Amino acid sequence: MAQTATPTPNSIASMPEMRRPRTERHDAWWLENWPFVIVFSIFAVYATWRAVWPHEATLYWSDPYLSPFYSPLIDPQHHWLPRLISPAILILWGPLGFRMTCYYYRKAYYRGYFADPAACAVSEKGHKRYCGETSFPFILQNVHRYFFYVAVFFLVVLWYDAIRAFFFPNGVGLGVGTVIMLVNVVLLTGYTFGCHAWRHLTGGGLDCFSCTASAQARHKLWQGVTRLNEHHMFWAWVSMISVGLTDLYIRLLAAGMLKDIRLL
Amino acid sequence: MAEATMRIFRGEGETGKHVDYVVPLVPGMVVLDAVHSVQAHQAPDLAVRWNCKAGKCGSCSAEVNGRPRLMCKTRMDDLPLDQPVTISPLKTFPLIKDLATDVSWNYRVNKKIPPFQPRPGVEWKMYQRDVDRVQEFRKCIECFLCQDVCHVLRDHGKKDDFGGPRFFVRTASLEMHPLDGADRVPLLKKTLGIGFCNITKCCTEVCPEEIHITDNAIIPLKERVVDEFYDPLAKLWRKIRGAKTA
Ligand code: SF4
Ligand code: SF4
Ligand code: FES
Ligand code: FES
């Protein structure tokens, strides 16, 4: 290599003795979390409004479409359910718990909301006591697989709703709402069955995939789940957006602000 | 001739500062070449570890513009050269001199992990599908970039309670081995403190071997810990199966 230009030792930029700055990263690391924080916050505010605002609790149904926020529909006439509690509140804990304990969402909100860490190689000044997921409340993340079972139940119900969306009061047909509900449930299925806990249950917990016939079958299933799991973040995003938009569409129909277009 | 300013950390023990060196740019140059140029022509006492210059020995780990990288795998033309290129030693480990740090803590953690133990009476036959998972983990070159970036070690200093991603990769390679019979799950929970990992994936982002550390090693191991310690149904199922086998 050619001889270099004049050396310029000690010319710089004093870094106080051994004190490293918060980060030496030159890129816009603070931008990384904004997409998640913005979209997720909008979703959370919207879902809360839809679930708790009394008037909203009447806008869940536009024949034959049922909003995913209100499905399965429990006592919408409030025969036994107190007026203050909407049917959505009764059920939303399931999907909400599933997402809040999902390994992808955990990563995203630990980074985005807790800045723990805000970005890689960016120090967390001020976070004195760190327990990670070893103590309350985050140790509860270990129940994720139980929320997976709950999510599968909801998925079955949403598939029922999507099929029911073909049956209009005047016969079988296809509306824009039917397509929306079908796309939504497909995206939710992709999200649910790419779950890490499911990946573990199908075959991840095995050490030997060839040792028994059932292990061989489980290996095939595990491979399929792995393929979905590799894009789990994608499924998490699109399914969250689609479930919000599906609810919004049905809400606008129910409020008479939009008219469904019949395609067939 | 085009030039770049290398802002290299110089120091020993407890003191040090960054020093600017201007180096001529050569086509295809990597950061390690630039550091070698400084060492050859301007600062012969600059301490830097390297061996293979091919991204395989894991020696040349450092923080380039604040990102943990292998210097020999970081091309100069991928960096913004209108500003100085900052090169610092790994932050998580004690400094020896300049870019060399003392990573011996890692070897002490490694000793806590029981090595491969074949199951009694095991047949020494494996199929490719059984070793695919483990082979990914065997790609590890022990560069310790993942250990450096992991906030549990880097910021929270949990070296006594937490093994770090490199050692979850190693444990996974043993736990998922089709012929191995040892149970390292209690070790994962207690000694290696896998619960401290909050799966924020920085280790995966920096791994030069592109090992899916979080998705393929840590999360599957966390699920095994759940099986053994947090899932009452799994416990019950094991009891029933145990009773049946008995
Ligand atoms: S995913 Fe876990 S082990 Fe990897 S860097 Fe993050 S906290 Fe550390
Ligand atoms: S897992 Fe990757 S980053 Fe960590 S030590 Fe091994 S090669 Fe380096
Ligand atoms: S890991 Fe995301 S849904 Fe289970
Ligand atoms: S010198 Fe061997 S990995 Fe860089």
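Description of the structure in this document.

Cut-offs and rules
- Residues numbered from 1 in each chain as written.
- Chains lettered and ligands numbered in written order.
- Predicted model: local features only at pLDDT ≥ 70, side-chain atom pairs only at ≥ 80, totals over all residues.
- Heavy atoms only, no water.
- Near = heavy atom within 4 Å.
- Nonpolar A, V, L, I, M, F, W, Y, C, P; charged D, E, K, R; others polar.
- Patch = residues over 30% accessible without salt bridge, like charges linked within 9 Å, V, L, I, M, F, W, Y side chains within 5 Å.
- Areas by Shrake-Rupley, 256 points an atom, 1.4 Å probe, with all protein chains shown as cover.
- Salt bridge = Lys/Arg side-chain N within 4 Å of Asp/Glu carboxyl O.
- Helix = DSSP H or I, 4+ residues; strand = E, 2+ residues; numbered from the N terminus.
- Contact = heavy atoms within 4.5 Å.
- Buried area = accessible area lost by both parts, 1.4 Å probe.
- Polar contact = N/O pair within 3.5 Å; in protein donor to acceptor, adjacent residues only side chain to side chain.
- Disulfide = S-S within 2.5 Å.
- Phe/Tyr/Trp six-rings, centres within 6.5 Å; stacked < 30°, edge-to-face > 60°.
- Buried < 20%, exposed > 50% of the residue type's maximum accessible area, 1.4 Å probe, protein only.
- Lys NZ or Arg CZ within 6 Å of the ring centre and 35° of its normal.

### Focus: the site of ligand 2
Ligand 2 sits among Cys 140, Ile 141, Glu 142, Cys 143, Phe 144, Cys 146, Arg 166, Cys 207, Pro 208, Ile 211 and Ile 213 of chain B. Counted by class, the shell around ligand 2 contains nine nonpolar, no polar and two charged residues.

### Regarding a nonpolar patch on the surface
A cluster of nonpolar side chains, namely Trp 30, Leu 31, Trp 34, Ile 38 and Ile 42 of chain A, defines an oily patch on the protein surface of about 570 Å² accessible area. The residue Trp 30 of chain A is located in the segment before helix H1 (34–52) in this model.

### Side note on the interface of chain A and chain B
Of the residues lining the interface, 58 residues belong to chain A; the matching set on chain B comes to 72 residues. Both faces considered, chain A and chain B share a buried interface measuring about 5,700 Å² in area, 54% of it formed by carbon and sulfur atoms. At the boundary of chain A with chain B, the tally comes to seven salt bridges. Residues Glu 205 of chain B and Arg 111 of chain A are paired through a salt bridge, measuring 3.1 Å at the closest nitrogen-oxygen approach. Remark: the boundary between chain A and chain B carries 32 residue pairs in polar contact (both at pLDDT 80 or more). Elements supplying a minimum of two residues to the side of chain A that touches chain B: helix H3 (103–112), helix H4 (144–164), helix H6 (196–204) and helix H7 (213–229) of chain A. When residues in the side of chain A that touches chain B are grouped by element, the largest group, six residues, is from H6 of chain A. The residue makeup of the side of chain A that touches chain B, split by class, is 24 nonpolar, 19 polar and 15 charged.

### Details of the state of the cysteines
Evaluated as defined, the whole model comprises two disulfides over all chains. The disulfide bridge from Cys 120 of chain A ends at Cys 202 of chain B, spanning 2.1 Å between sulfur atoms. Looking down the S-S bond of the Cys 120 of chain A and Cys 202 of chain B bridge, the torsion is -90°, so its handedness is left-handed. Taken together, the positions of Cys 120 of chain A in the loop between H3 and H4 and Cys 202 of chain B in helix H8 (residues 202–206) put the pair across two chains.

### Notes on the packing of aromatic side chains
This model, assessed by the stated rule, comprises 34 aromatic pairs over all chains. Residues Phe 40 of chain A and Tyr 105 of chain A carry aromatic rings whose centres are separated by 5.9 Å and whose planes lie at 50° to one another, so their mutual orientation is tilted. Of this pair, Phe 40 of chain A sits in helix H1 while Tyr 105 of chain A sits in helix H3; the two residues are 65 residues apart in sequence, bridging distant segments of the chain. Here Phe 40 of chain A matches Tyr 105 of chain A in class, with each residue buried. The positively charged end of Lys 189 of chain B is found above the aromatic ring belonging to Phe 229 of chain B, 4.9 Å away from the centroid.

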